[in-house]
Amino acid sequence: MKERIKSWMLVLLILGSLVESYYLIYRLPGSDSAVLSKTLYVKTDNMGLKEKVENLLYPDKMIIHMGGDKHTLFYPSSTFYNLIMNRLKGRSFESFQRRSVQDFDWDKIRSENPGIELSFGAGIPVTLLQRVMQISPDSLFEGESIDRIWIYNIKNDSKAHVIFFSTRGDIVYEAAKADLTVQDVQQHVDFGKNLTLYTAVNGEYYVPEADVPLVKVVMPAGMYTIEQMQSNLFFDAGNTRYIPEKDGSKIYTDSKRSLQVDQEQNWMSYSDPAALPDGDSTPAKDALEAVEFVNNHGGWNGTYRLAATEEGRQDRKVSFQQYYGAYPSGSYPIMSNPQLQYGVIHLELQQGTVSSYERSLMYTNEDKSEKTIVELPGGELLKQRLAQIGSSLRIIELTPAYMPALAGEKLQLHPVWRVTLSDGSEHTLK
């Protein structure tokens, strides 16, 4: 009898050992909810909010052309910007005709024709733009990325004209059918009446005729911990090694992935060269993958806009620009600078899989912010200062922005003019 009991106990011990071995090999702790099956990234508690890609797709500015060479600008989250965008999202655009950009006299249209110009910066893939605008499917058009949409009226013409600009620079697409009337366009243009006028310079940027008020902000700042980022990015954070660098930065690695932290800049760079590629990559799919990756690995610590999807030799870079501000005054981009890297999230993807991820470790408490109104210079003073900057290289963009600075445990956002030159370099004016 004793021998039989011993035999059964031995069988139970063997079965228990097999079950335990199975879980150790195939089911790491927490794997039910923490591991993404495709890439084996940890999906832990998010430090920031999750975001839908639709909320990251919007123009960086609206240029209102009022005829008579009069113009004004609306920026994200301002009253008329929101009103126009909400209306345009409900209108349909279809029957696209491909044309050369040289078929149009843009200087004449800019100065004489009432219209609305939506600027999308470096461009947005059409298949993503279809998520926020009612653009009918078109096999030829859907492969493009769009950096501008220009909606305008022509004198004695009964229909509104809608032009989509390809980022290639030489091609535009005209929507032969658009659910917009001449009266709709004129009403949108009329929103710009009695607002600050802007002068068009070489058809590339606009200078305000008066000073522009912006809010200077000071708000409490905190830091995501290295432990938080490790648990968000590594398969098994407990098995990472710490490697100090000569420049003072710290590297954490599990022999496959690495997390480099610059504690002076409060900036992290994550790399996963061993990420398994899916082999299916387009600008739109990579942007969606990038959004999902940020959702699951840190979240969004503020308001962002999809700024670029640039294709390299073997990868694609996706960037998100952080904005500060709110309705009804408008929001503006936060610049990164050599003294403080902040305001952007960069990702690189190889064949649809994230291989690099960079962002600031800083977050802020906007509910406890201190605000004061300051004015950015406009008019002749600004034109003179721009002439000095643009003496060697052409100015291609001028926009209000925020320059971040740390003061103890607080983040300051100083209003500046961001001046972008033809070689991609940026300057600031206060």
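Basis of the calculations
Residues numbered from 1 in each chain as written. Predicted model: local features only at pLDDT ≥ 70, side-chain atom pairs only at ≥ 80, totals over all residues. Heavy atoms only, no water. Helix = DSSP H or I, 4+ residues; strand = E, 2+ residues; numbered from the N terminus. Buried < 20%, exposed > 50% of the residue type's maximum accessible area, 1.4 Å probe, protein only. Contact = heavy atoms within 4.5 Å. pLDDT = per-residue confidence, 0-100. Polar contact = N/O pair within 3.5 Å; in protein donor to acceptor, adjacent residues only side chain to side chain. Core = buried A, V, L, I, M, F, W, Y, C linked by side-chain atoms within 4.5 Å. Salt bridge = Lys/Arg side-chain N within 4 Å of Asp/Glu carboxyl O. Arc of directions from axis to C-beta. Phe/Tyr/Trp six-rings, centres within 6.5 Å; stacked < 30°, edge-to-face > 60°. Lys NZ or Arg CZ within 6 Å of the ring centre and 35° of its normal. Pairing = 2+ DSSP bridges. Expected span 1.5 Å × (residues − 1).

Within an unreviewed UniProt entry, the label attached to the protein chain reads YycH family regulatory protein, and the organism entered is Paenibacillus rhizoplanae.

Got a minute to help me understand the overall build of the protein chain in this structure?
Of the regular secondary structure elements, the protein chain holds 9 helices and 25 strands. Relative to its full complement of 430 residues, the protein chain shows a buried share of 47%. For the protein chain, the proportion of contacts with a sequence separation of at least 24, taken over those separated by at least 6, is 66%.

Please explain the confidence of the model for the protein chain as it appears in this structure.
Across the protein chain, the average pLDDT comes to 88, with 87% of residues at 70 or higher. Predicted confidence is poor over residues 17–44, with pLDDT under 50, and the contacts of this stretch with residues over four places away or in other chains come to 39 contacts.

Help me understand the side chain of Gln322 in this model?
Along the chain, Gln322 turns up in strand 17 (residues 316–326). Among the polar contacts listed, one links the side chain of Gln322 to the side chain of Tyr304, at a separation of 3.2 Å. Apart from the residues within four sequence positions on either side, Gln322 is in contact with Asn301, Gly302, Thr303, Tyr304, Tyr332, Pro333, Ile334, Tyr342 and Gly343.

Hey, could you run me through the nonpolar core in this one?
Counting 67 residues, the largest nonpolar core has Leu129, Ile149, Phe164, Leu259, Phe320, Leu347 and Tyr357 as the members making the most contacts within it. With 6 residues, the top contributor of residues to this core is helix 8 (residues 283–296). Beyond its immediate chain neighbours, meaning those up to four positions away, Tyr357 contacts Leu233, Met268, Ser269, Tyr270, Phe293, Val294, His297, Gly298, Ile345, His346 and Leu347. Leu73, Tyr205, Leu214 and Ile395 belong to the second-largest nonpolar core, a separate cluster that totals 31 residues.

Sorry, what's going on with the pattern of salt bridges here?
Any two side chains of opposite charge can pair, on the condition that their charged atoms come close. As enumerated under the stated definition, the model contains 20 salt bridges in all. Residue Glu204 pairs with Arg394 through a salt bridge whose shortest N-O separation is 2.9 Å. A residue pair is termed long-range when its members are at least 10 positions apart, and Glu204 in the loop between strand 9 (198–201) and strand 10 (205–208) and Arg394 in the loop between helix 9 (379–389) and strand 23 (395–407) qualify at 190 residues. One network of salt bridges, in which partners are shared, links Asp60, Lys61, Glu397 and Arg418.

What exactly am I supposed to notice about helix 6 (residues 182–190) here?
Since the α-helix turns once every 3.6 residues, residues separated by three or four places project in the same direction. For helix 6, every residue scored as buried is listed here: Val182, Asp184, Val185, His188 and Val189. Down the axis, helix 6 shows its buried residues gathered within 165° of arc, on one side only. Where helix 6 is buried, its residues meet strand 1 (61–65), helix 3 (79–89), strand 4 (115–125) and strand 6 (145–152).

What am I meant to see in unusual backbone geometry here?
With glycine set apart, most residues show a phi of negative sign, and most peptide bonds adopt trans. Of the consecutive residues Tyr327 and Pro328, the connecting peptide bond is found in the cis state with omega at 5°. With respect to the secondary-structure elements, Pro328 resides in the loop between strand 17 and strand 18 (330–333).

I'm lost on the packing of aromatic side chains in this one. Help?
How two aromatic rings sit relative to each other is given by the distance of their centres and the angle of their planes. Tallied over the full model, the rule gives 21 aromatic pairs. Here the aromatic rings of Trp300 and Phe320 are separated by 5.0 Å at their centres, their planes lie at 80°, and the arrangement is edge-to-face. Residue Trp300 is located in the loop between helix 8 and strand 16 (303–311), and its partner Phe320 is located in strand 17; the two are separated by 20 residues in the primary sequence. Exposure remark for Trp300: the relative accessible area of 3% places this residue in the buried category. When its relative accessible area of 1% is taken as the criterion, Phe320 is described as buried. The ring of Phe165 is capped by Arg148, whose NZ or CZ atom sits 4.0 Å from the centre of that ring.

How do you make sense of the pairing of strand 12 (residues 241–244) when you look at a structure like this?
In terms of strand pairing, strand 12 meets strand 13 (residues 250–253) through 4 bridges, oriented antiparallel. When the sheet's bridge partners are listed, Ile243 is paired in strand 13 with Ile251. If you look at the hairpin formed by strand 12 and strand 13, you'll find 5 residues sitting between the two strands, and Gly248 has a positive phi there, around 95°.

Would you mind going over helix 8 with me for this structure?
Given a rise of 1.5 Å per residue, 14 residues ought to cover 20 Å, and the 20 Å separating the end C-alpha atoms of helix 8 matches this to within 8%. The complete set of buried residues in helix 8 reads Ala284, Asp286, Ala287, Ala290, Val291, Phe293, Val294, Asn295 and Asn296. The positive-phi residue at the C-terminal boundary of helix 8 is Gly298, with phi of around 120°.

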